[in-house]
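# Coordinate inspection notes
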Amino acid sequence: MKKQTVSFELITYDTLEELSQEEKSLMLKAIETRKNAYAPYSNFQVGAAVLLENGEVVIGNNQENASYPSGLCAERVAMFQAGARYPGVIIKSIAISAASKVYTVHRPAAPCGNCRQSILEYEAKQGTPIALLLMGEQGLIYKCHSVGDILPLAFDSSFLK
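Throughout what follows, the structure given in this document is the object of discussion. Since this is a predicted model, take the numbers as computed values, not measurements.

## Some points on the state of the cysteines
Within the structure shown, the criterion is met by zero disulfides. Cys-115 supplies the cysteine sulfur nearest to Cys-112, a cysteine that is in no disulfide, at a spacing of 3.7 Å. Residue Cys-112 is classed as partly exposed on the basis of its relative accessible area, which comes to 32%. The closest cysteine sulfur to the non-disulfide-bonded Cys-144 is located on Cys-115, 14 Å from its own sulfur. A relative accessible area of 2% places Cys-144 in the buried class.

This is the structure:
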């Protein structure tokens, strides 16, 4: 038997002001679109803003449904829209902001497993990492170099050969 540790580095920021201007602008777009999320069941609103290599920003927010599996997370709304509107354009980063109508979210909310898998697919397709900026309503902001960092031992296309 061999015991191993899987870990990754992330950068933390105390405020939006510590981000680069590009990152701050992207997070502000995620916050803005979060406010328009359709979340009548969970009251948990998420906004995502995707920055493309050509400078375009594509937004998305969570869209719930009374039949829970029929809804879609903000990250996938934004990623799929970017892929549909700008096929072949490299995705540089995605900013994600989460808030609740019931309590104050004081810590960054990471993408769910389905979203991590979807973002990983785009990373593999384009051959470059997609940086993640994660934020709640208040508190720390996390920056991860790649979704692969937060999805260790990922299932990818190499298993389907």
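## A closer look at the packing of aromatic side chains
Two aromatic rings, taken as a pair, are described by how far apart their centres are and by the angle between their planes. Throughout the structure, instances matching the rule amount to two aromatic pairs. Aromatic side chains Tyr-41 and Tyr-68 sit 6.0 Å apart centroid to centroid with 65 degrees between the ring planes, which places their arrangement in the edge-to-face category. Here Tyr-41, found in the loop between α1 (21–34) and β2 (44–52), pairs with Tyr-68, found in the loop between β3 (57–61) and α2 (74–85); they are 27 residues apart in sequence, far enough to count as distant. Taking the relative accessible area as the measure of exposure, Tyr-41 reaches 38% and is therefore partly exposed. Aromatic side chains Phe-155 and Phe-159 sit 5.1 Å apart centroid to centroid with 10 degrees between the ring planes, which places their arrangement in the stacked category.

## Looking at helix α3 (residues 113–126)
The terminal C-alpha atoms of α3 lie 20 Å apart, and with 14 residues this matches the ideal 20 Å at 1.5 Å per residue to within 8%. By the burial criterion, the buried members of α3 are Cys-115, Ser-118, Ile-119, Leu-120, Tyr-122, Glu-123 and Gln-126. Among the residues trailing α3, Gly-127 stands out with phi positive, at a value near 75 degrees.

Criteria and cut-off values
Residues numbered from 1 in each chain as written. Predicted model: local features only at pLDDT ≥ 70, side-chain atom pairs only at ≥ 80, totals over all residues. Heavy atoms only, no water. Disulfide = S-S within 2.5 Å. Buried < 20%, exposed > 50% of the residue type's maximum accessible area, 1.4 Å probe, protein only. Phe/Tyr/Trp six-rings, centres within 6.5 Å; stacked < 30°, edge-to-face > 60°. Helix = DSSP H or I, 4+ residues; strand = E, 2+ residues; numbered from the N terminus. Expected span 1.5 Å × (residues − 1).

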